[in-house]
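# Secondary and tertiary structure notes
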4 protein chains.
Amino acid sequence: MNKIKCGIIGATGYAGVELVRILMRHPVVELAAVGSVSFEGKPVSGIYPSLRGVCDMVCVSSDEVIAASDVVFAAVPHGLSQELAFQCTEKGKKLIDLGADFRLDDAAEYEKWYGCEYKYPQLHDKAVYGLCELFRDSVAGADVIGNPGCYPTSVALGLAPVLRGGLVETRGIMIDSKSGVTGAGRGLTQGTHFPECNEAFSAYKVAAHRHSPEIEQTLSKIADMEVTVTFVPHLLPVNRGILSTIYARLLPDVSEEQVAAAYESAYADEAFVRVLPKGACVDVRSVKCSNYCDVQWYIDSHTGTLIVTSVIDNMVKGAAGQAVQNMNIMFGIDETAGLDMIPTAF
Amino acid sequence: MNKIKCGIIGATGYAGVELVRILMRHPVVELAAVGSVSFEGKPVSGIYPSLRGVCDMVCVSSDEVIAASDVVFAAVPHGLSQELAFQCTEKGKKLIDLGADFRLDDAAEYEKWYGCEYKYPQLHDKAVYGLCELFRDSVAGADVIGNPGCYPTSVALGLAPVLRGGLVETRGIMIDSKSGVTGAGRGLTQGTHFPECNEAFSAYKVAAHRHSPEIEQTLSKIADMEVTVTFVPHLLPVNRGILSTIYARLLPDVSEEQVAAAYESAYADEAFVRVLPKGACVDVRSVKCSNYCDVQWYIDSHTGTLIVTSVIDNMVKGAAGQAVQNMNIMFGIDETAGLDMIPTAF
Amino acid sequence: MNKIKCGIIGATGYAGVELVRILMRHPVVELAAVGSVSFEGKPVSGIYPSLRGVCDMVCVSSDEVIAASDVVFAAVPHGLSQELAFQCTEKGKKLIDLGADFRLDDAAEYEKWYGCEYKYPQLHDKAVYGLCELFRDSVAGADVIGNPGCYPTSVALGLAPVLRGGLVETRGIMIDSKSGVTGAGRGLTQGTHFPECNEAFSAYKVAAHRHSPEIEQTLSKIADMEVTVTFVPHLLPVNRGILSTIYARLLPDVSEEQVAAAYESAYADEAFVRVLPKGACVDVRSVKCSNYCDVQWYIDSHTGTLIVTSVIDNMVKGAAGQAVQNMNIMFGIDETAGLDMIPTAF
Amino acid sequence: MNKIKCGIIGATGYAGVELVRILMRHPVVELAAVGSVSFEGKPVSGIYPSLRGVCDMVCVSSDEVIAASDVVFAAVPHGLSQELAFQCTEKGKKLIDLGADFRLDDAAEYEKWYGCEYKYPQLHDKAVYGLCELFRDSVAGADVIGNPGCYPTSVALGLAPVLRGGLVETRGIMIDSKSGVTGAGRGLTQGTHFPECNEAFSAYKVAAHRHSPEIEQTLSKIADMEVTVTFVPHLLPVNRGILSTIYARLLPDVSEEQVAAAYESAYADEAFVRVLPKGACVDVRSVKCSNYCDVQWYIDSHTGTLIVTSVIDNMVKGAAGQAVQNMNIMFGIDETAGLDMIPTAF
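Residues numbered from 1 in each chain as written. Chains lettered and ligands numbered in written order. Predicted model: local features only at pLDDT ≥ 70, side-chain atom pairs only at ≥ 80, totals over all residues.

Looking only at helices and strands, one finds 12 helices and 13 strands in chain A. Over its C-alpha atoms chain A spans a radius of gyration of 20 Å, differing by no more than 12% from the 20 Å that the globule rule assigns to 346 residues. C-alpha atoms of chain A, sized along the principal axes, occupy 60 × 45 × 40 Å. Residues classed as buried in chain A amount to 63% of the 346 residues present. Long-range pairs, those at least 24 residues apart, make up 70% of the contacts in chain A between residues at least 6 apart in sequence. (Helix = DSSP H or I, 4+ residues; strand = E, 2+ residues; numbered from the N terminus. Rg over C-alpha atoms; globule rule 2.2 N^0.38 Å. Buried ≥ 20, exposed ≤ 12 C-beta atoms within 10 Å, placed from the backbone. Contact = placed C-beta atoms within 7 Å.)

See the structure below:
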């Protein structure tokens, strides 16, 4: 089999460089080109010295990346991927967008939260939301993938079994998420300046984060009815990892056994979702640098609440890893190819 | 005025050493004696080199501490303070317990969560729960104080205005708290070993933490009706600080103005509670090493949810600072004496 | 006694805000005005929410600060303090410069390392280098103080006793320093962006840091002969603290007792320098948020090397604290006034 | 080719679990057995939840590990590997000791620093010190390997080119090393308890660390003459990584070109040593989770000093990675097999 030629546009952002790391070690992939607007003409290892001798490829233009690739990963600010997707599809290439341009079905919602328009409605009609474990069949036939946001991935994998099974109320779901700082990207801000971020912890964009509509859209699809949530993200002083703590009211007469069965059957055959045994707690440390999502659930019988905790590495299952997983599905190769990284433990 | 003679039993634990720091700089206090079972006969600065030349007092027995003091701070494992309180009251001294022995009204609840009995029921009848801003009048006349737990302090101060005002439902309150590692104390555990705690984040004792009954007891008193909560604590990889994110359903027709007024009136005259202006976010960093509690609230009109975020330094307002604030009230001196520490900013 | 009116120019930088913290609690000082070019017209608590309710003073212009003050603290980029000093002296006010403009005796060295000229040579002639423990007498009579750099403070206090005593060779001194990230200031850089600074550690400006000439100048004054050093700073992923490890060759026949006596006699009467007892190690944690400098020394008899380790809080003894100590000396008040902060322990 | 059967004794320590991670993904290796005294009978993924579903092997006895393996990795406290090595050689198996039992040539030095005796002198005679880049030929024929200490690896790779070339003085070398906390192991201590290690930094075992004799032995072999050093280790509040800053006096008339040539020729063909281009600085972050050693050097012409900075991941090139590299050499397979991990960048 010929190797799949992959290109990355936006290779010098955090998600981009994580893609480089994964694709460089992918068994059936050739990293054909890396692109960067900010660093065009410079080697990616000049920006990330960790890559010296590993990937010294020089950043080129988007056009060059597209020309060299069978599939393009776009890790660029929202609004910019639509044009790239158009060009890719025109040339018969596939595009996986790590940004937000192809995540929302509703153009009005996109415009409301991101302030841009959908330029190619027909592209959005055929684009697929690539939360692999939930929409695998659609991904297989897709040409354009909207790779899910990091928070929505952690939430949807955590709640899918009980929403699909109709075990919890679809109103009043509270989602309290905490993300490592790579989630804020490589751009400099006062809030991510070390002395102001280290030994700090805060909530931000309370009930006003752009991932809210994406979460509700996905949960509603899973539940096959409208789901509303309250979503509060927090900035966690670690490099990698998201932990979402989710509170939902159990429907009357739902037993612990039913919940257990729902999680077990949902993920028994999934390579990347681990439902922890009773007594174990999820920890962002246990999935660091891997494509795993670990899930643990609890019933607070005192209040009739189901509590779900779910962790991912925001840069892997929450971005680059899931993007590669989508690529694997799209190209019909082993879904775990290139993604067998073992969490680093510490 | 003669200086108040203070003693600390359990001076070498984290809350104990924070008491040393505060009391050494308190204008109307003399630190008369420090006690430690583990380090009796050793100077406290031998265990905490930071105190060298500041406090080189040698740790003595509990009896010696009580004998030397007008008021005793007990920062010892639960179950041990009851005897100390008995001795103090017998000798006409006051006791402020930083542990859990005098927090719960119901002996059965105490036994259920802590596995010990109430040995001196009459002492528990007269002991006062020292959440200063809420029960100041009772504190003033007390001889034995149960100093509140760190989590309950952050939660009660966050919710009191709306519970007291009857603005939220008393059922279905979700409390998602995150605590710095000093909250786990000085004792060694695998989970607080640096390489397993750093760059990590996890939920623990989900819906099963000992602070749950204390939270419900306090909120019920404030609301004057039974309040139930779901409480999930998390271990945050920072030294100091608690942030609680609290989700409650607004009652129908409650307006944003009513909520604003409730917070404003509740804390307008409080020295240590700061309600942030709209647009500002609480951060554990902004209260570090101080006795402040910062509060911010939000209404998610999409779901009718009130979200309250509240931060304290778990070692100060969550332990030693509040204990000193209680002492100030008990002795009729300026409530802020010795507690004017400015947060360190970084 | 009337309170001393203090002003801070550059109050919103890290050293500036640390000055605010200290001066707000100084017993014989009134913080008269705070200045900031970047944030003129805004309250300092708008930039540092930790100060809300503590110091809500609005930032004014430099001229206004000078007009309102008896003594001005300048915490501004190098090159800007000379003009401020000129204005202050013209108006009979004192100036303490936390920057580099008044640290180097030699105008050529200043120009070489900082790229600016000395505009008022006569000012530089009368300016005093304010390393309090070493040049206290000169400070007492000064109108303009060059407050020492953070690295030079840690190094000079560590080496002074043996250099003054002529116990070590003045050539071949190696200084390996490690500084917390606040030392890099509030300005944003890629290297201080949390995900690139956290879990990282690097040397920078190896043998090329601007503090090198200041270190050599100070050590030469102490030794009363030319001292040369090799100085390598490192960026430490903590907020506060400097640890300098210093390697010097012991002169022949110098005994351990002589070294011990040198340190003991040098610092026996110093309030802020603590020479640790044998067996104890310095730790940046033990001086955090205080004006202490802790020193420990070792003799490696195997190679005839004296190893000195010295720690300070770079923001306090390395900047704002020492500046206030200088002010105390200049105004003839208790040298420790306002500086009795106890290290936070954690 | 049949897969090499590997066993790990001490699989639940930090070096042990890192070996599990590497060997599980090694292309020509089968992880045959894992052993642990503390956790015999338990799955390794019970101790490290990160390994759940990746390696759920149950810990067995040392005898069982040896029986199942072609090569045994021993990651046990010093003193215990000698017996294991004896058993392995009796049974025709190879042993790679990650501890200190086979590092020192001189039994008296071992006894002095480690307090144990050499029980099988003939084993020590044939054991090889496995610093791959320096002693590759000897490793190839060895049955027992003393895998180098983490500090000595970083130092020897940093200094080898100039010592071998006779470019620096062999006296007066100062080594200032800083290690992440995993270097202290999994065992609990007060100094590695999160609140006392986080935001802290200290020197320890100053000029008295067990790695000193190992460093001098290795450097003396390289220089082919006696080398003495002063070695000061520090505890760095990060999980992984060692940075050593090394100070040596350049011999007269040695030019920058000679130094450059020495480094270039020494490592041009090495897969795991990267000499950085001028202007770049080493950072522990750039080698994290990889087997790389990055080296940068500087000449301080002001004092005639060569400064070398060198970084490794203490758990990989400083322990498990180098052990696997040794195994690869011993078995005549590609030296980089299983070791192509790309540093994580953040």
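To continue, consider the domain arrangement of chain A. All names here are of chain A. You can read the domains of chain A as domain 1 (4-126) and domain 2 (151-314). Summarising the inter-unit geometry, the C-alpha centres of domain 1 and domain 2 are found 27 Å apart. Every contact between the two is made by nine residues of domain 1 and, on the other side, seven residues of domain 2. Considered class by class, the residues forming the side of domain 1 that touches domain 2 number five nonpolar, one polar and three charged. (Domains from an automatic or database assignment. Nonpolar A, V, L, I, M, F, W, Y, C, P; charged D, E, K, R; others polar.)

Turning to the packing of helix α8 (residues 150-164) of chain A against helix α12 (residues 316-330) of chain A, a few remarks are in order. All names here are of chain A. Their axes nearest at 8 Å, the elements α8 and α12 cross at an angle of 95°. Accordingly, the angle class assigned to the pair α8 and α12 is roughly perpendicular. On α12, the residues that touch C150, T153 and S154 of α8 are K317, G318, A319 and Q322. Looking at the contact of α8 with α12 residue by residue, the classes come out as two nonpolar, four polar and one charged. (Axes fitted to C-alpha atoms, helices over the stretch in contact; angles between N-to-C directions. Parallel < 35°, antiparallel > 145°, perpendicular 65-115°, else oblique.)

On to the sheet that holds strand β8 (residues 202-203) of chain C, then. Residue and element names in this part refer to chain C. Ordered in space as β8-β9-β7-β10-β13-β12-β11, the seven strands form an open sheet in which the pairing is mixed. Two strands bound the open sheet, and with one partner strand each, they are β8 and β11 (273-275). As judged from the two bridges shared by β8 and strand β9 (residues 229-235), these two strands associate in the antiparallel manner. Bridge assignment links S202 to a residue of β9, and that residue is L235. Set on the sheet, helix α8 (residues 150-164) makes contact with β7 (173-179), β9, β10 (242-249), β11, β12 (293-300) and β13 (305-312); between it and β10 the angle comes to about 40°. (Pairing = 2+ DSSP bridges.)

This part takes up the relation of the copies chain D and chain A. Two chain copies, one operation linking them: a rotation about an axis together with a shift along it. Turning chain D through 180° and shifting it by 0.0 Å along the axis lays it on chain A, with an RMSD of 0.0 Å. Such a turn and shift between the copies fits a two-fold axis. For chain D, the residue whose C-alpha comes nearest the rotation axis is E199 of chain D, separated from it by 4.4 Å. Interface overlap between copies is the fraction of interface residues in one copy that are interface residues in the other; for chain D against chain A it reaches 100%, indicating a shared surface. (Least-squares fit on C-alpha atoms with pLDDT ≥ 70 in both.)

Bringing unusual backbone geometry into the picture now. All names here are of chain A. Look at K205: it is not a glycine, yet its phi comes out positive at around 40°. Note on placement: K205 falls in the loop between β8 (202-203) and α10 (211-223). Residue K205 is classed as partly exposed on the basis of its C-beta count, with 15 C-beta atoms lying within 10 Å. One non-glycine residue, C289, adopts positive backbone phi at about 65°. Within the secondary structure layout, C289 lies in the loop between β11 (273-275) and β12 (293-300).

Here we come to the interface of chain B and chain A. On the chain A side, the residues contacting the 38 residues of chain B number 38 residues. Among the residues making up the side of chain B that touches chain A, the classes are represented as 20 nonpolar, 11 polar and seven charged.

Where burial is concerned, most of helix α1 (residues 14-24) of chain D is hidden: 10 out of the 11 residues are buried. Taken together, the buried positions of α1 of chain D are occupied by Y14, A15, G16, V17, E18, L19, V20, R21, I22 and L23 of chain D.

Rotating chain B by 180° about the axis while translating it 0.0 Å along that axis superimposes it on chain A, leaving an RMSD of 0.0 Å. When the interface residues of chain B are mapped onto chain A, 100% of them are again interface residues, pointing to one common binding face.

It is worth spelling out the nonpolar core at this point. Where a protein is soluble and globular, its nonpolar side chains tend to be buried together. Counting residues in hydrophobic clusters, the biggest one holds 492 residues, and the most contacted among them are V20 of chain A, V20 of chain B, V20 of chain C together with V20 of chain D. The contact partners of V20 of chain C, leaving out residues within four places of it in the chain, are I8, A11, L31, V34, V44, L51 and C55 of chain C. (Core = buried A, V, L, I, M, F, W, Y, C linked by C-beta atoms within 7 Å.)

Here we come to the interface of chain D and chain A. Across the boundary between the two partners, chain D contributes 24 residues, which contact 24 residues of chain A. Ranked by the residues each element gives to the side of chain D that touches chain A, the list is headed by α1 of chain D, at three residues. Taken together, the residues that form the side of chain D that touches chain A break down as 11 nonpolar, six polar and seven charged.

It is worth spelling out the sheet that holds strand β10 (residues 242-249) of chain D at this point. Residues and elements named next belong to chain D. With mixed pairing, seven strands are arranged side by side in an open sheet as β8-β9-β7-β10-β13-β12-β11. Bordering the open sheet on either side are β8 (202-203) and β11 (273-275), each of which pairs with just one other strand. The pairing of strand β7 (residues 173-179) with β10 spans six bridges and is antiparallel. When the sheet's bridge partners are listed, S177 is paired in β10 with S244. Across the face of the sheet, helix α8 (residues 150-164) comes into contact with β7, β9 (229-235), β10, β11, β12 (293-300) and β13 (305-312) while running at roughly 40° to β10.

Residues and elements named next belong to chain B. Of the two faces of strand β3 (residues 71-74), the one lined by V71 and F73 and the one lined by V72 and A74 are each fully buried. When β3 meets strand β4 (residues 94-97), the two strands line up parallel, connected through four bridges. Its bridge partner being in β4, V72 is matched across the sheet by L95. On the question of chirality, the crossover connecting β3 to the parallel β4 by way of helix α4 (residues 81-90) is right-handed. (Right-handed = clockwise from strand over helix to strand, strands pointing away.)

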